[in-house]
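# Structure assessment
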Amino acid sequence: MSFSKDIGVDLGTASVLVTVKGKGIVLHEPSVVAVDSDTNKTLKVGEEARLMLGRTPLNITAVKPLRDGVIADFDLTEVMLKHFISKAAGNTLFFKHRVMVCVPAGITTVEKRAVEEAVYRTGAKEVFLIEEPRAAAIGAGLEIFEPCGNMVVDIGGGTTDVAVLSLGSIVEKESIRVGGNRFDEAIIRHIRDKHNLMIGERTAEDVKIKVGTAHLKSRNEKMEIRGRDIVSGLPKTIEIDSHSAYQAMEEPIYAILRSTHKVLERTPPELAADIMDKGIFMTGGGAMLHGLDVFLSEHLGSPVILAEDPITCVVRGTGLALEVLDSIQDTLVGSKKSS
């Protein structure tokens, strides 16, 4: 009797989602590891580690081992993957699993090798890599294996991948290192420069979700935020509104627009016509920024549709890709067996 499993992993900058064949999505946790810097020992992984961000004593560091969609700290990524795959597979790590991992469309050969190596070291039998926009398109229910144009804008925590797909493959693509985290960083910078107030990542994310928008005409909210006054060093409370949040995020919003526009410009006319009929689909957590679909639609002159449950599109697509692995294996970014 075999206990090996087919496991799909959306290895994201902000969070990791894992799907197991026959079970669906079994894990969704932040990509954070808490480490004791004195002993170099891993203390917590995932949600428990995220709760420590900005609130740890000097000897404990909450680290995000992935940056801009790729591995920034190899050892901690391996620790995190082992923890999550073990948790998802029911602690059957000694059985060799087949694992498919999503990677940004613009990943380099060196970055690909780093992902494969990290997954193999968790005990995987075979590792397959699939581009995030292709997995996102499958997860969003697009008929990418038909001879027609489908367009996806996948906005993750660290990267935005834009791709046009037809007959199961990517025709045109663009990958930029702009995502949900860049929105948060822009908000932190704007509030520091305009209000002399230092805020943390979690507060910036709250601003993005509660008052942030990419389309000023459709939102005008206000909220109070607390931080540390740069001048006095004391705690301070200010009010922030949608207009200020939009000003903060304007640069990354327009970067996503430019990237999408470039891909549309390079798309063959017949496929472009299909896209105009069907619309452009947005997936990923960053796609949930208020008004982003309306903003892109107005500037591109095409319908822009937010996919159902955009955060899980990529991992759901990975699970579906595993089910048809034999027919798509030759087209995957990387596919090889452990030695």
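From a predicted model like this one, the values you see are computed outputs, not experimental measurements.

The rules behind each value
Residues numbered from 1 in each chain as written. Predicted model: local features only at pLDDT ≥ 70, side-chain atom pairs only at ≥ 80, totals over all residues. Heavy atoms only, no water. Phe/Tyr/Trp six-rings, centres within 6.5 Å; stacked < 30°, edge-to-face > 60°. Helix = DSSP H or I, 4+ residues; strand = E, 2+ residues; numbered from the N terminus. Patch = residues over 30% accessible without salt bridge, like charges linked within 9 Å, V, L, I, M, F, W, Y side chains within 5 Å. Areas by Shrake-Rupley, 256 points an atom, 1.4 Å probe, with all protein chains shown as cover. Salt bridge = Lys/Arg side-chain N within 4 Å of Asp/Glu carboxyl O. Buried < 20%, exposed > 50% of the residue type's maximum accessible area, 1.4 Å probe, protein only. Pairing = 2+ DSSP bridges. UniProt positions renumbered as here; feature names shortened; annotations may be inferred. 1 Å grid on protein atoms, 1.4 Å probe; cavity = no way out; pocket = protein on both sides within 12 Å on 5 of 7 lines; lining within 4 Å. Contact = heavy atoms within 4.5 Å. Arc of directions from axis to C-beta. Axes fitted to C-alpha atoms, helices over the stretch in contact; angles between N-to-C directions.

Glancing now at the packing of aromatic side chains. All chains considered together, the criterion is met by one aromatic pair. Considering the side-chain rings of Tyr254 and Phe295, the 5.2 Å spacing of their centres and the 85 degrees angle between planes classify their relative orientation as edge-to-face. Taken as a pair, Tyr254 in helix 7 (residues 242-266) and Phe295 in helix 9 (residues 292-300) lie far apart in primary sequence, 41 residues in all.

Attention now goes to a nonpolar patch on the surface. A cluster of nonpolar side chains, Met198, Ile230 and Val231, forms an exposed patch at the surface whose accessible area comes to about 270 Å². Within the secondary structure layout, Ile230 lies in the loop between strand 15 (222-229) and strand 16 (235-241). Under the relative-accessibility criterion, Ile230 is labelled partly exposed at 41%.

Burial of the side chains of strand 4 (residues 33-36) extends over both faces: Val33 and Val35 are buried on one face and Ala34 and Asp36 on the other. The pairing of strand 4 with strand 5 (residues 41-45) spans four bridges and is antiparallel. Counted as the bridge partner of Val35 is Thr42 from strand 5. With antiparallel pairing between neighbouring strands as the criterion, strand 4 and strand 5 make up a hairpin whose turn holds four residues, including Asn40 at a positive phi of roughly 65 degrees. Across four bridges, the pairing between strand 4 and strand 6 (residues 60-63) is antiparallel. Note on strand 6: the bridge partner recorded for Val33 is Val63.

On the UniProt side, "binding site: ATP" (unreviewed entry) is annotated at positions that read Gly157, Gly158, Thr159, Glu205, Asp206, Val207 and Lys208 here. Considering only the annotated residues already named, the ones lining the largest pocket are Gly157, Gly158, Thr159, Glu205 and Lys208. Within the element layout of this structure, Thr159 appears in the loop between strand 11 (150-155) and strand 12 (160-166). When neighbours within four sequence positions are excluded, Thr159 is seen to be in contact with Asp68, Gly69, Pro104, Glu132, Asp154, Ile176, Arg177, Val178 and Gly179. Looking at the secondary structure, you find Glu205 in helix 6 (residues 201-210).

A separate point is helix 8 (residues 269-278). Among the residues of helix 8, those classed as buried are Leu271, Ala272 and Ile275. An end-on view of helix 8 places all buried positions within 100 degrees of arc, on one side of the element. Across from the buried face of helix 8, at angles greater than 90 degrees, the exposed residues are Pro269, Glu270 and Asp277. Its buried side turned inward, helix 8 meets strand 11, strand 12, strand 13 (169-176), helix 7 and strand 17 (280-283). Positioned one or two residues after helix 8, Gly279 has a phi angle of 100 degrees, which is positive.

Turning our attention to the sheet that holds strand 6. Sheet architecture is open: three strands sit in the order 5-4-6, paired in antiparallel fashion. Only two strands of the sheet have a single partner each, and these edge strands are strand 5 and strand 6. Looking at each pair of strands side by side, their axes are set apart by 25 degrees on average, direction ignored. Running at roughly 50 degrees to strand 5, helix 2 (residues 74-89) makes contact with strand 4, strand 5 and strand 6 of the sheet.

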